[in-house]
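This is what each chain is made of:
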Amino acid sequence: MPKTVDPSFDRRANHLLRSIQLCGGCVPLHRLQFQFSDSVIQTLLDKELVQIQNTGCGFLLEIAEDF
C-alpha cells in the first residue's frame, strides 16, 4: 500500500524553509527542534534543500547553496 503524504506536513516543511530564509539563510538547529519535528527537518535534509554546518559551538541549519 503506497504511503500518502500529509498535506499539513508539506506546509510545515515549506514554513520551515521560509523561516530559514527570513533569518538570513541559516538558523541554529537547537532553536528549531521545539518548533518543528525531526521528521520535517530530516525530510528537507533528504531532499537536499537544507544542510547542516558544524560551527564548533553548535550546529546551523542552512539553505543549500544550489536551492
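No experiment lies behind these values; they were computed from the predicted model shown. (Residues numbered from 1 in each chain as written. Predicted model: local features only at pLDDT ≥ 70, side-chain atom pairs only at ≥ 80, totals over all residues. Heavy atoms only, no water.)

**Student:** Honestly, the overall build of the protein in this entry has me stumped. Any pointers?
**Tutor:** Of regular secondary structure, the protein possesses 3 helices and 3 strands. Beginning at the N terminus, the succession of helices and strands in the protein can be written as α-β-α-α-β-β. Taken over 67 residues, the protein has a buried fraction of 30%. (Helix = DSSP H or I, 4+ residues; strand = E, 2+ residues; numbered from the N terminus. Buried < 20%, exposed > 50% of the residue type's maximum accessible area, 1.4 Å probe, protein only.)

**Student:** What is the right way to read the environment of Gly58 from this model?
**Tutor:** Position of Gly58 relative to the elements: it lies in the loop between strand 2 (50-54) and strand 3 (59-63). Its relative accessible area of 25% is what places Gly58 among the partly exposed residues. Separated by 30 residues in sequence, Gly58 and Pro28 have C-alpha atoms that sit 7.4 Å apart.

**Student:** Looking at this structure, I do not really get the pairing of strand 3. What am I missing?
**Tutor:** For a regular strand, side chains alternate in direction, first toward one face of the sheet and then toward the other. Burial analysis of strand 3 places 4 of its 5 residues in the buried class, the great majority of the element. In this structure, strand 1 (residues 26-28) lies alongside strand 3, joined through 3 bridges in antiparallel fashion. When the bridges of strand 3 are listed, Val27 appears paired with Leu61. Bridge count between strand 2 and strand 3: 5 bridges; the pairing is antiparallel. The residue of strand 3 that forms the bridge with Val50 is Ile63. Counted along the chain from strand 2 to the antiparallel partner strand 3, the turn is 4 residues long, and its residue Gly56 has a positive phi close to 95°. (Pairing = 2+ DSSP bridges.)

**Student:** Looking at this structure, I do not really get the environment of Ile20. What am I missing?
**Tutor:** Position of Ile20 relative to the elements: it lies in helix 1 (residues 7-22). According to the relative accessible area criterion, Ile20 is buried, its value standing at 0%. Distance in space between the C-alpha atoms of Ile20 and Ile63 is 7.1 Å, their sequence separation being 43 residues. When near neighbours in sequence (up to four residues on either side) are disregarded, Ile20 contacts Gly25, Cys26, Val27, Val50, Leu61 and Ile63. (Contact = heavy atoms within 4.5 Å.)

**Student:** It is not clear to me how the nonpolar core should be interpreted in this structure. Could you clarify?
**Tutor:** Looking at soluble globular proteins, one finds that nonpolar side chains tend to be buried together. Counting residues in each nonpolar core, the largest one holds 15 residues, and the members touching the most others are Leu16, Ile20, Leu32, Ile41, Leu44, Val50 and Leu61. Looking at which element gives the most residues to this core, the answer is helix 1, with 5 residues. Among all residues touching Leu44, those that are not within four sequence positions of it are Ala13, Leu16, Leu17, Leu49 and Val50. (Core = buried A, V, L, I, M, F, W, Y, C linked by side-chain atoms within 4.5 Å.)

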